[in-house]
Structure formats: structure tokens, C-alpha cells
Amino acid sequence: MKATLLLFSLTMLCGSLLSQSPGSLDPSFDPNTSTNALVESVAIQPDGKILIGGPFSDFNGTAINGIARLNADGTLDNTFDPGDGVAGIVQGQQYHVYAIVVQPDGKIILGGAFHNFDNTSRDRIVRLNADGSLDATFDPGNGADGTIRAMELQNDGKLIIGGSFNYYNGSSTPFIARINADGSEDNTFDPGSGANSAIQGLTIQNDGKVVVVGDFTDFNGASLNRIARLNTDGSLDGAFNPGTGSGGTFPSIRDVEVQNDGKIVISGYFDEFDGTTRKKIARLNANGSLDASFDPGAGADLNAINKLEILANNSIMLVGGFYTYDGTSRNSIARINSDGSLDVAFDPGFGCNNTGEALAIQSDGKVVIGGNFGQYDGTQRIHIARAHNDIGPSSIDDIAEELLTVYPNPSNGIYHINGPVPMVEHCVTDLKGVMVQPWSTATTIDLSEVDAGIYLLRSTSGRAVKLVKQ
């Protein structure tokens with residue numbers, strides 16, 4: 001009898017472990033009938049709730065336009081009320097929400113293709129309070145005259161936006177701009193003539209420089225095929241040389257992320273980079289040259305890798321419109337190793353039965369995927385699903401959203417601490433973990449005597465925030 005019970009227990013344990021294997025569907029997240037249109041953007045709040053954006057007008061039978069917040073189990077969070085939400089037919093199509101940014105204070109910025117939010121004019125960009133209501137203190141004026149595709153928040157609260165617009169609040173700023181915390185344009189950011197076509201993705205490096213990718217072949221008069229790097233003032237960084245850039249029948253680059261070592265990972269529709277075959281994904285050295293040590297083999301087939309996220313060990317999560325990765329079946333989602341090879345330990349089974357458009361990694365490593373699919377590994381999951389994963393987000397930028405607020409940042413040396421959590425002991429280290437300032441509970445940090453660079457404010461709660469010393 002005891003042997004039988006032991007065998008039964010082991011069988012149940014093994015079944016449980018297998019059901020939580022990396023890549024498998026997380027059944028504890030169940031959105032039921034979910035949205036009535038695709039999910040094209042996803043963001044995770046510090047409290048674990050999930051923001052989704054897209055051209056939907058219904059979630060599981062509840063009318064909600066363009067933006068919704070879900071509880072950790074996939075049910076609708078009814079404490080989040082966007083009123084009439086996002087609206088406005090743009091270029092003959094329904095509204096879109098392509099980008100969501102969660103500020104450290106809990107406010108939420110949406111970018112996309114829309115004209116209104118809750119019956120108030122907001123062209124392509126709007127900021128919400130934490131409860132979903134319109135934040136009237138963020139006033140973009142006439143906003144952008146074209147779609148906003150990508151947004152990244154600087155440490156000082158300013159916002160970089162990229163897309164297919166030519167003007168922001170009446171000011172010429174082709175395809176890229178920087179926005180002050182009140183929604184006005186930051187005129188100290190000057191990209192010159194900017195890009196000559198759409199910017200599809202962007203990211204901010206640890207040193208504050210901005211890497212932009214998209215459909216352009218020229219940036220401020222320089223021939224640059226679909227990727228460029230800008231200095232903190234918006235000027236072109238001449239030290240970044242991608243050679244001939246991306247190529248192929250459809251050479252567009254759709255997403256970009258920077259590793260902690262400064263190397264740059266790009267994904268999209270392209271088939272080559274600087275004359276070398278790279279199917280839909282490549283990694284560059286910090287100077288823009290192709291990193292030959294990253295070899296994806298046959299890469300992704302068909303369409304594109306739409307989104308990528310770098311994980312803590314520099315492995316990379318991918319979603320898109322592909323069927324295989326380096327010849328192995330991977331329907332629209334895959335995890336790859338830091339050298340570009342397929343990580344076979346992450347097995348999504350049949351994966352998504354249509355394209356993946358959005359991707360976010362929870363603090364526990366679980367993967368939230370949004371897109372145009374209706375199933376994940378044969379189970380109904382309409383437009384959004386969550387999968388198990390045994391590797392968490394990378395250590396600096398992905399945790400910064402839920403950390404102590406430090407201002408000004410960047411700074412010449414003096415920082416003030418203010419945060420969403422009770423003050424605890426903290427210290428300052430460099431990126432290698434070497435202590436620069438000892439543990440204390442002070443609300444002011446003085447780094448006047450240390451070299452310019454990137455440092456980390458670490459707390460006993462396990463939290464950390466990036467400090468930029470000018």
C-alpha cells in the first residue's frame with residue numbers, strides 16, 4: 001500500500017513538473033474569451049498586473065476600448081476604468097495601441113494610432129493615471145501627426161518616441177522626438193532632418209544613447225540602412241557604423257534591445273546584415289559591426305521576428321510570424337541561447353497558431369504573449385497567453401520600473417531618493433558589484449567624487465535602480 005501511494009505521489013509530482021516545463025502553457029492564467037481583436041502591446045506592472053493594448057472593444061463580454069488591465073490570473077481588473085477609452089479612426093482603420101510605458105509613479109503612457117481618449121483629444125499619445133483615467137497634466141497639444149510605434153522612458157522622466165510621424169504639436173521632428181514629463185516637446189533633443197522613413201523600434205543604452213531601428217535608409221543625411229545610434233542630444237553618433245545594415249527582400253528591422261555588455265540584438269524581416277546572412281535576427285557589437293559569435297543558423301523562416309526580450313543569462317525570447325527556428329518547429333515563439341542557437345529546453349509544443357505581436361517577461365520569468373492567435377499549444381487562448389519559463393528578465397533595465405525613484409538622474413553627483421516603498425538600507429555599487437558607497441538609510445546620495453558612468457543603487461529589499469553619473 002505504501003509503495004502504491006509513493007508511486008502515485010511520484011507520478012503526480014512528475015506530471016506537475018512536466019506541466020510547468022519551460023515553454024508550456026501556464027493554465028493559471030485564463031482570459032476565457034479574451035479580446036475581440038488582436039493584442040499588439042503588453043506591459044507588466046510592478047504589482048504583477050498586466051496591461052494590454054490593441055484595436056479591441058471588448059474583453060470577455062465587457063466593453064473596453066483599446067486598453068485594459070488584467071489580474072495575474074487573466075481576469076479583467078475592474079478597478080482600472082479608462083471610461084470610453086481609446087477611439088478615432090486613423091487612416092481608414094480602427095485605433096491601435098502599439099506601445100505601453102509604465103512610469104515609476106504608476107502612471108501609464110500609451111502610444112499608437114488614435115485621436116481621442118475618453119472623449120478628449122489626444123493624438124497618438126496619452127498618459128493615464130494608475131486607475132485608468134485621463135491624466136490631464138500630460139498635455140501633448142496637437143500630439144503626433146502620424147503613428148507612434150515605439151516609446152522608451154529615460155531615467156529623468158523624459159520620453160523618447162519613434163514612429164511614422166513628421167510633426168509633434170506642430171513642430172517638425174521627422175519620425176523621432178523627445179517629450180518632457182508634461183507632454184510638451186523637448187527642443188534640446190535635435191535629430192536634424194531625422195529619419196527618411198518610419199522608426200519601428202528603439203531602446204536607450206546605459207549611457208543614455210538611443211538606438212533606433214525601422215524602415216529608413218537615411219538619418220540626418222547619413223546613409224544608414226534601418227539602424228542608427230543617437231547621442232543624448234539627438235545628434236547622430238558617428239562612432240556607430242553598421243556597414244550596409246540590414247538587407248533582403250523585406251529589410252525592415254522591427255525591434256532592438258541592448259545587452260548589459262553593450263552588444264545590440266535586432267530582429268525583423270531582414271535576411272542579411274552587412275552582407276552576411278542573418279535570417280530575421282542578428283547581434284551587433286557596440287560599435288555597430290556584426291557580432292560573428294552570434295550565429296542563428298537558418299534563423300526564423302517566413303515573415304518576421306516582431307519582438308524580443310533579453311533574459312538574465314543573455315538568452316533571448318522571441319515572438320513573431322515564423323514556423324521554424326534553424327529548421328526546428330517553433331510556431332511564433334522561441335527561446336534562443338546567447339550564441340544564437342535554439343534553446344531546446346524551452347519547448348512551446350504547437351506554440352501559437354498565428355502571429356505573436358507583443359511580449360513581456362514577468363519578474364518570476366513567466367512569458368506573457370500577445371498577438372493574433374486563438375490557441376497556444378492546442379488550448380484556447382485568444383490573443384493573449386502566458387507560458388512557463390525558468391529564466392527571469394535581465395538584471396538592470398527590466399527591474400528598474402519597480403525600483404526606488406531617484407532624481408535628478410542623470411546627475412553630476414547629487415541624487416535624491418524618493419520611492420513607492422518605505423525607505424530601507426541601501427548602498428551604491430558599480431556594474432561589477434564593487435561597493436562605491438556603504439549601506440545607509442540616507443535620502444541623498446553624493447557621487448561627486450566618483451568617475452562618470454553607470455552605477456546601481458541597491459536596497460536590502462532586493463531592489464536596485466540604475467544611476468547615471470555625468
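Reading the values: the criteria
Along each chain, the written sequence defines residue order, and numbers are assigned to residues from 1. Restriction of local features to residues with pLDDT of at least 70 applies here, the model being predicted, together with a cutoff of 80 or more for giving and counting side-chain atom pairs; totals for whole chains, interfaces and linings are based on all residues. Side-chain numbers here rest on the full set of heavy atoms in the structure, without hydrogens or water. Here a strand is any run of E in DSSP of at least two residues, a helix any run of H or I of at least four, and the numbering for each starts at the N terminus. Two residues form a contact once any of their heavy atoms are found within 4.5 Å. Working definition of accessibility: Shrake-Rupley area with a 1.4 Å probe, residue cover restricted to the visible protein chains. Values of pLDDT, which run from 0 to 100, indicate the predictor's confidence residue by residue. Whenever a carboxyl oxygen of Asp or Glu lies within 4 Å of a side-chain nitrogen of Lys or Arg, that contact is scored as a salt bridge. Each residue is placed in one exposure class: buried if its accessible area under a 1.4 Å probe, protein chains only, is under 20% of its type's maximum, exposed if it is over 50%, and partly exposed if it falls in between. Here, a strand pair is defined by DSSP locating no fewer than two bridges between the strands. Where helices are involved, their axes are fitted lines through C-alpha atoms of the stretch in contact, as for all axes, and angles between N-to-C directions lie from 0 to 180°. Aromatic pairing here means that ring centres of Phe, Tyr or Trp (its six-membered ring) are within 6.5 Å. Orientation follows from the plane angle: under 30 degrees is stacked, over 60 is edge-to-face, and everything else is tilted. We define the nonpolar core as a collection of buried residues of types Ala, Val, Leu, Ile, Met, Phe, Trp, Tyr and Cys that are connected through side-chain atoms lying within 4.5 Å of one another.

## As for the overall build of the protein
In terms of regular secondary structure, the protein is built from two helices and 44 strands. Taking all contacts inside the protein whose residues are at least 6 apart in sequence as the whole, residues at least 24 apart take part in 46%. Summing over all exposed atoms, the protein offers an accessible surface of approximately 18500 Å²; the carbon and sulfur share of this is 49%.

## Some remarks on the confidence of the model for the protein
Residues at a pLDDT of 70 or more form 90% of the protein, whose mean pLDDT is 90. Within the model, the stretch residues 1-18 combines pLDDT values under 50 with one contact to residues more than four positions away or in other chains. Note that residues 395-403 has pLDDT below 50 and, in this model, 26 contacts with residues that lie over four places away or in other chains.

## Notes on the pattern of salt bridges
Here the structure, examined in full by the defined rule, presents 18 salt bridges. For the salt bridge of Arg 283 with Asp 291, the shortest nitrogen-to-oxygen distance reads 2.8 Å. For the pair Arg 283 and Asp 291, a shared accessibility class is recorded, and that class is buried. Across the pair Arg 335 and Asp 343 runs a salt bridge whose closest N-O atoms are separated by 2.7 Å. Among the residues examined, Arg 335 registers a relative accessible area of 2% and is labelled buried. Residues joined in a network through salt bridges with shared partners are Asp 26, Lys 366 and Arg 386.

## Things to note about the pairing of strand 18 (residues 210-214)
Of all five residues in strand 18, five are buried, a share of seventy percent or more. What you see with strand 18 is no split at all: Val 210, Val 212 and Gly 214 on one side and Val 211 and Val 213 on the other are buried throughout. Two strands pair when backbone bridges link them, and strand 17 (residues 199-204) and strand 18 are joined in this way by five bridges, in the antiparallel orientation. Opposite Thr 203, over in strand 18, you have Val 211 as the bridge partner. Counting the residues that bridge the hairpin from strand 17 to strand 18 gives five residues, and of these Gly 208 lies at a positive phi of roughly 90°. Two strands pair when backbone bridges link them, and strand 18 and strand 21 (residues 227-230) are joined in this way by four bridges, in the antiparallel orientation. Residue pairing across strands places Val 210 opposite Leu 230, the latter belonging to strand 21.

## With respect to the side chain of Thr 203
Relative to the assigned elements, Thr 203 resides in strand 17. Overall, the relative accessible area of 5% leaves Thr 203 in the buried class.

## Overview of the sheet that holds strand 1 (residues 41-44)
Sheet architecture is open: three strands sit in the order 1-2-5, paired in antiparallel fashion. Two strands bound the open sheet, and with one partner strand each, they are strand 1 and strand 5 (67-70). When the angles between neighbouring strand axes are averaged without regard to direction, this sheet yields 20°. Bridge analysis of strand 2 (residues 50-53) against strand 5 gives four bridges, and the strand direction is antiparallel. Within the sheet, the bridge partner assigned to Gly 53 lies in strand 5 and is Ile 67.

## Some details on the packing of aromatic side chains
One pass over the full model with this rule turns up one aromatic pair. When the ring of Phe 216 is compared with that of Phe 219, the centres are 6.2 Å apart and the planes differ by 70°; the resulting orientation is edge-to-face. No difference in accessibility class separates Phe 216 from Phe 219, as the two residues are buried.

## Focus: the sheet that holds strand 17
With antiparallel pairing, the three strands of this open sheet are ordered in space as 17-18-21. Every other strand in the sheet has two partners, leaving strand 17 and strand 21 as the edge strands with one partner each. For this sheet, the mean angle separating the axes of adjacent strands, direction not counted, is 20°.

## Quick look at the nonpolar core
The nonpolar side chains of a soluble globular protein tend to be buried, and buried together. With 17 residues, the main nonpolar core has Val 42, Ile 50, Ile 52 and Leu 70 as its most contacted residues. Elements with a contribution of two residues or more to this core: strand 1, strand 2, strand 5 and strand 33 (356-361). Each residue touching Leu 70, except ones within four places of it in the same chain, is listed here: Phe 29, Lys 49, Ile 50, Ile 52, Phe 59, Thr 75, Leu 76, Asp 77 and Ile 384.

## Structural notes on unusual backbone geometry
Between Asn 409 and Pro 410 the backbone carries a cis peptide bond, its omega angle lying at 15°. In this structure, Pro 410 sits in the loop between strand 38 (405-407) and strand 39 (414-418). Although it is not a glycine, Asn 119 adopts a positive phi angle of roughly 70°. Its identity as a non-glycine residue notwithstanding, His 383 has a phi of 75°, on the positive side. Tracing the backbone through its elements, the reader meets His 383 in the loop between strand 36 (379-380) and strand 37 (384-387).

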